[in-house]
Amino acid sequence: MRQEERRARTRAALLKAAAEAFAMRGYDGASVDTIAASVGLSKGAVYANFPNKLDLYLGTLDALMAQAELRTERVAAALREGQDPLGASQRYFGLGGDAAHAALVSVLWRTAIEHPAVRSVLEQHLERRRGLLARAAVDAGGNPTEALQTASTIERLIDAEILYRQLHEVAGQRAVS
C-alpha cells in the first residue's frame, strides 16, 4: 500500500472515530487522545493529519453536511409531491443513523456559538437548506413569499425534531446509567 493510501485510510478512520466521539460526548467532551486510541493510533498521528482538534471537527462536518443535504433533498421531494410542511419535514428522518445525525447536528449548533469557522459552516448549510426547500415549494405551486414561509416552517420543524430526539436520547442514556 502506498503512503498516500495509508494516509487517506488513517484520515478516514480518524474522521469516523471523531464523528462518533463528538456525537457521544460533544465537542468539548471529546478528547484527541480518546479519538486516537479508539482507532489504535497515537495523538501524534492525529496531529500529523489535523493541526488541531477544531480542524479535526471541521473535517467531520463534510460528511455531516452531505448527509444533511441528502435528507433535505428527501424533504424537498415530499414538498414537490404536495405534502404539507409537517409531512414533508418528517422525510428528513428514517434513513437509519437518525440518532447519531441528530446528536451531531445538535453538537454543530452548540459548537457554532463558540467557533466562527463552525458558525460559517452552519450558516452556509442553513442558507443552502432554505434555498432548496423554497425552490421545492415554488415547484409545488407556491409564490415566492409563501415558499419562503413554507421553507422557514419546515426548517423549524426539522430543527425542533432534532432537538427533541437529542433530548430523549440523552434522557434515555441517563435513565440507563
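Since the model is a prediction, treat every value here as computed from it, not as a measurement. (Residues numbered from 1 in each chain as written. Predicted model: local features only at pLDDT ≥ 70, side-chain atom pairs only at ≥ 80, totals over all residues. Heavy atoms only, no water.)

Novice: Quick rundown of the packing of aromatic side chains? Include the residues and the values.
Specialist: Scanning the model with the defined rule gives 4 aromatic pairs in all. Look at Phe 22 and Tyr 57: their rings are 4.9 Å apart centre to centre, the planes differ by 90 degrees, and that puts the pair in the edge-to-face class. Of the two residues, Phe 22 sits in helix α1 (residues 3–29) while Tyr 57 sits in helix α4 (residues 53–80), which places them 35 residues apart along the sequence. What makes Tyr 57 buried here is its relative accessible area of 1%. Ring centres of Tyr 92 and Phe 93 lie 5.2 Å apart, and the angle between their planes is 70 degrees; on these two criteria the pair is classed as edge-to-face. In terms of burial, Tyr 92 and Phe 93 fall into one category: buried. Put simply, the rings of Phe 22, Tyr 27 and Tyr 57 touch in pairs and so form one group of aromatic residues. The lysine or arginine in question, Arg 165, covers the ring of Phe 93, its NZ or CZ lying 4.0 Å from the ring centre. (Phe/Tyr/Trp six-rings, centres within 6.5 Å; stacked < 30°, edge-to-face > 60°. Helix = DSSP H or I, 4+ residues; strand = E, 2+ residues; numbered from the N terminus. Buried < 20%, exposed > 50% of the residue type's maximum accessible area, 1.4 Å probe, protein only. Lys NZ or Arg CZ within 6 Å of the ring centre and 35° of its normal.)

Novice: So what's going on with the pattern of salt bridges? Which residues, and what values?
Specialist: Overall, the coordinates contain 12 salt bridges when judged by the stated rule. With a shortest N-O distance of 2.7 Å, Arg 71 and Asp 98 are connected by a salt bridge. Placement of Arg 71 in helix α4 and of Asp 98 in helix α6 (residues 98–114) is noted, with a sequence separation of 27 residues between them. Bridged by salt links that share partners, the residues Arg 71, Asp 98, Glu 161 and Arg 165 form one connected network. (Salt bridge = Lys/Arg side-chain N within 4 Å of Asp/Glu carboxyl O.)

Novice: Residues and numbers for the packing of α4 against α6, please.
Specialist: Two numbers describe how α4 lies on α6: the axes approach to 11 Å, and their chain directions differ by 120 degrees. With respect to their mutual orientation, α4 and α6 come out oblique. Here α4 runs over α6; the crossing is left-handed. Each of Tyr 57, Leu 61, Leu 64, Met 65, Gln 67, Ala 68 and Arg 71 in α4 lies in contact with α6, whose residues at this interface are Asp 98, His 101, Leu 104, Val 105, Val 107, Leu 108 and Thr 111. Residue classes in the contact of α4 with α6 are distributed as 9 nonpolar, 3 polar and 2 charged. (Axes fitted to C-alpha atoms, helices over the stretch in contact; angles between N-to-C directions. Parallel < 35°, antiparallel > 145°, perpendicular 65-115°, else oblique. Left-handed = near helix turned anticlockwise from the far one by under 90°. Contact = heavy atoms within 4.5 Å. Nonpolar A, V, L, I, M, F, W, Y, C, P; charged D, E, K, R; others polar.)

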